[in-house]
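The residues making up each chain are set out below.
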Amino acid sequence: MNIAEIQGNTGTSTVMVGESISNLAQYVPLERTVVITDENVRHAYGHLLPDCPVLTIGTGETAKTLDTVGRLYESLMTLSADRSAFVVAVGGGIVCDVTGFVASTYLRGVRFGFVASTLLAQVDASVGGKNGVNVGGYKNMAGVFNQPEFVICDLDLLGTLPERDILCGFAEIIKHAAIIDRNLFAFLEDNGHRARELDRDVMAKLVFDSVRIKAAVVGRDEREAGERRKLNFGHTFGHAVEKVNGIPHGEAVALGMVVAAALSCRKGWLSREEVNRLEALIDSMGLPTRLDCDPKALFDAMKKDKKREGDAIHFVLLDGLGKAVVEKIDLAELEAAVHSLD
Ligand SMILES: NC(=O)c1ccc[n+]([C@@H]2O[C@H](COP(=O)([O-])OP(=O)(O)OC[C@H]3O[C@@H](n4cnc5c(N)ncnc54)[C@H](O)[C@@H]3O)[C@@H](O)[C@H]2O)c1
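Residues numbered from 1 in each chain as written. Predicted model: local features only at pLDDT ≥ 70, side-chain atom pairs only at ≥ 80, totals over all residues. Heavy atoms only, no water.

Re the overall build of the chain
(1) Moving on: A count of helical and extended segments in the chain gives 12 helices and 12 strands.
(2) Moving on: Its C-alpha radius of gyration of 20 Å places the chain within 12% of the 20 Å reference for a compact globule of 342 residues.
(3) Moving on: If you line up the chain on its principal axes, its C-alpha atoms span 60 × 40 × 35 Å.
(4) Moving on: Relative to its 342 residues, the chain shows a buried fraction of 54%. (Helix = DSSP H or I, 4+ residues; strand = E, 2+ residues; numbered from the N terminus. Rg over C-alpha atoms; globule rule 2.2 N^0.38 Å. Buried < 20%, exposed > 50% of the residue type's maximum accessible area, 1.4 Å probe, protein only.)

Thoughts on the side chain of N134
(1) Moving on: For N134, the location among the structural elements is in strand β7 (residues 130-135).
(2) Moving on: For N134, the side chain forms a polar contact with the main-chain nitrogen of N140, separated by 2.9 Å.
(3) Moving on: Excluding anything up to four places from it in sequence, N134 contacts E61, K64, T65, L66, K139, N140 and M141. (Polar contact = N/O pair within 3.5 Å; in protein donor to acceptor, adjacent residues only side chain to side chain. Contact = heavy atoms within 4.5 Å.)

Things to note about the nonpolar core
(1) Moving on: Residues L119, F170 and L278 are the most contacted members of the largest nonpolar core, which totals 101 residues.
(2) Moving on: If sequence neighbours within four positions are ignored, L278 has contacts with I174, A178, F185, F233, M257, A261 and L318.
(3) Moving on: Of all hydrophobic cores here, the second largest spans 16 residues; its members include I21, L24, V35 and L49. (Core = buried A, V, L, I, M, F, W, Y, C linked by side-chain atoms within 4.5 Å.)

Thoughts on the packing of helix α5 (residues 163-180) against helix α7 (residues 200-220)
(1) Moving on: The contact between α5 and α7 brings their axes to 10 Å, and the two run at 55 degrees. By the criterion of interaxial angle, the relationship of α5 to α7 is oblique. The handedness of the crossing between α5 and α7 comes out as left-handed. Contacts from F170, I173, H176 and I180 of α5 reach α7 at M203, L206, S210, I213, K214 and V217. (Axes fitted to C-alpha atoms, helices over the stretch in contact; angles between N-to-C directions. Parallel < 35°, antiparallel > 145°, perpendicular 65-115°, else oblique. Left-handed = near helix turned anticlockwise from the far one by under 90°.)

Thoughts on the site of the ligand
(1) Moving on: Taken together, 24 residues surround the ligand, and among them D38, E61, S117, T118 and K139 come closest.
(2) Moving on: K64 is positioned with one of its side-chain polar atoms (N or O) 2.8 Å from an oxygen atom of the ligand.
(3) Moving on: G93 places a main-chain nitrogen or oxygen 2.7 Å from an oxygen atom of the ligand.
(4) Moving on: If the ligand stood free it would expose 860 Å²; the protein chains cover 85% of that surface.
(5) Moving on: Looking at the shell around the ligand, the elements that each hand over two or more residues are α1 (39-45), α3 (93-105), α4 (119-125) and β8 (138-145).
(6) Moving on: Taken together, the residues of the shell around the ligand break down into 7 nonpolar, 8 polar and 9 charged. (Near = heavy atom within 4 Å. Areas by Shrake-Rupley, 256 points an atom, 1.4 Å probe, with all protein chains shown as cover. Nonpolar A, V, L, I, M, F, W, Y, C, P; charged D, E, K, R; others polar.)

Quick notes on the pattern of salt bridges
(1) Moving on: A full pass over the atoms with the stated rule returns 21 salt bridges.
(2) Moving on: Across the salt bridge formed by R32 and E31, the nearest N and O atoms sit 3.1 Å from each other.
(3) Moving on: Between E279 and R290 there is a salt bridge, with its nearest N and O atoms 3.2 Å apart. Here the residue E279 occupies a position in helix α10 (residues 272-284), and R290 occupies one in the loop between α10 and α11 (295-303), the gap between them amounting to 11 residues.
(4) Moving on: In this structure R290 comes out as partly exposed when scored by relative accessible area, which is 41%.
(5) Moving on: Here the salt bridges do not stand alone but share partners, grouping D124, E172, K175 and K214 into one network. (Salt bridge = Lys/Arg side-chain N within 4 Å of Asp/Glu carboxyl O.)

Side note on the packing of aromatic side chains
(1) Moving on: Under the counting rule described, the total for this entry stands at 4 aromatic pairs.
(2) Moving on: Put simply, the rings of Y27, F86 and F150 pair up and form one aromatic cluster. (Phe/Tyr/Trp six-rings, centres within 6.5 Å; stacked < 30°, edge-to-face > 60°.)

Observations regarding helix α9 (residues 249-266)
(1) Moving on: The terminal C-alpha atoms of α9, which comprises 18 residues, lie 26 Å apart, in line with the 26 Å expected from a rise of 1.5 Å per residue.
(2) Moving on: Burial within α9 is extensive, with 15 of its 18 residues counted as buried.
(3) Moving on: Positive backbone phi, at 85 degrees, marks G268, one or two positions downstream of α9. (Expected span 1.5 Å × (residues − 1).)

Concerning the packing of α5 against helix α6 (residues 182-196)
(1) Moving on: Following both chains from N to C, one finds α5 and α6 inclined at 160 degrees, their axes separated by 8 Å at the closest point. It follows from the interaxial angle that α5 and α6 lie roughly antiparallel. Considering how the two elements wind past one another, α5 and α6 form a crossing that is left-handed. Taken together, the residues of α6 that come into contact with α5 (itself represented by E163, F170, I173, I174, A177, A178 and I180) are R182, L184, F185, L188, A195 and R196.

Topic: the sheet that holds strand β1 (residues 2-8)
(1) Moving on: Taken in spatial order, the 7 strands make up an open sheet running β1-β2-β9-β6-β5-β3-β4, and their pairing is mixed. Looking at which strands have only one partner, the edges of the open sheet turn out to be β1 and β4 (54-57). On average, each strand axis in the sheet is inclined to that of its neighbour by 20 degrees, with strand direction left out of account.
(2) Moving on: Across 7 bridges, β1 lies against strand β2 (residues 11-17) in antiparallel orientation. Looking at the pairing, E5 lines up with T14 of β2.
(3) Moving on: Each of β3 (33-38), β4, β5 (86-91) and β6 (111-116) is contacted by α3, which is oriented at about 170 degrees to β5, the strand it contacts most.
(4) Moving on: Contacts from α7 reach β1, β2 and β9 (150-153) within the one sheet, and its direction differs from that of β1 by about 15 degrees. (Pairing = 2+ DSSP bridges.)

Considering unusual backbone geometry
(1) Moving on: Residues other than glycine seldom take positive phi values, yet S80 does so here, at roughly 60 degrees.
(2) Moving on: Along the chain, S80 falls in the loop between α2 (66-78) and β5.
(3) Moving on: A residue is classified by how much of its surface remains accessible, and S80, at 60% relative accessible area, is exposed.
(4) Moving on: Look at L107: it is not a glycine, yet its phi comes out positive at around 55 degrees.
(5) Moving on: Here L107 shows up in the loop between α3 and β6.
(6) Moving on: What makes L107 partly exposed here is its relative accessible area of 37%.

Remember, this is a structural readout, not a statement about activity or role.
Structure representation (structure tokens):
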């Protein structure tokens, strides 16, 4: 097992990569613990949960709402959960985001931890202390910064994940390598094929390196006032593609990284050879690098991005592989880069 710690304003979060869900009982006060999970995870792993009440939510973004939060508050009240309660999410990013929000607000906050069961949750969603839900169909409009006491990343849980969900996690791992860690980037180039087979040693390294990278960034800028924005590499364009074309988040982020690399190249910060290396890595990990799309619709969606300021938008670019910079980009320049996907 490898351990990373995040020192947040609300406390320290211990992320354990390689720990098993079977050991969950060791980390919680069992008689006061309530588990929150979703239908799929309960079906696959319910038998491994400790002997405590289990609450189940639906799946998909439509379950990540204030309605679900309200129902969970009521279930906790029915269980007579008081301030000494300990709430554990067992699931992917949706279960973790909802549970973190519920635990942070129920009775003004009770203790909580996560067992992250998707690759995306292990390398990204469960790490960093952002918890929240969607409102009116808009993502993460209500939420809090609050660190879970622990995160268990059980690599054995990944074996039952559909391939598309694995790919979503790969996109975030590539992102971490591209913005901060050239060595991880080279490792991915050499071992991507083993990762796609979920080779245990390779996955253990990829998950831990991602956690280590995100933990370090969050430790320096928990509330996203500066450096944490780098973690949005590929996401400004990615969110627009997700909205317009309805493709999964990881695939959209992959395309967003291609656009951001094209922009970085136009600025002279990334060589053509480095752009090709990034695209080749994305492709080799089973993610898309080209999209049959309407550039105008995408550009219009991007203009609505939260990070826009007048005729410019805060955009994460690369100053060489392994080094991200946040720049204000002119909307006209951005429009030209969108055509790099044609
Ligand atoms: N808080 C953050 O910092 C942060 C960061 C990134 C993403 N997110 C959020 O994470 C969410 C996406 O998370 P996700 O990709 O994990 O999706 P998810 O939670 O919807 O899980 C994907 C699917 O896999 C199923 N599943 C989970 N674990 C499984 C397993 N081990 N075996 C088989 N099936 C399993 C789930 O039931 C679900 O159907 C989004 O809402 C996103 O906004 C949050």
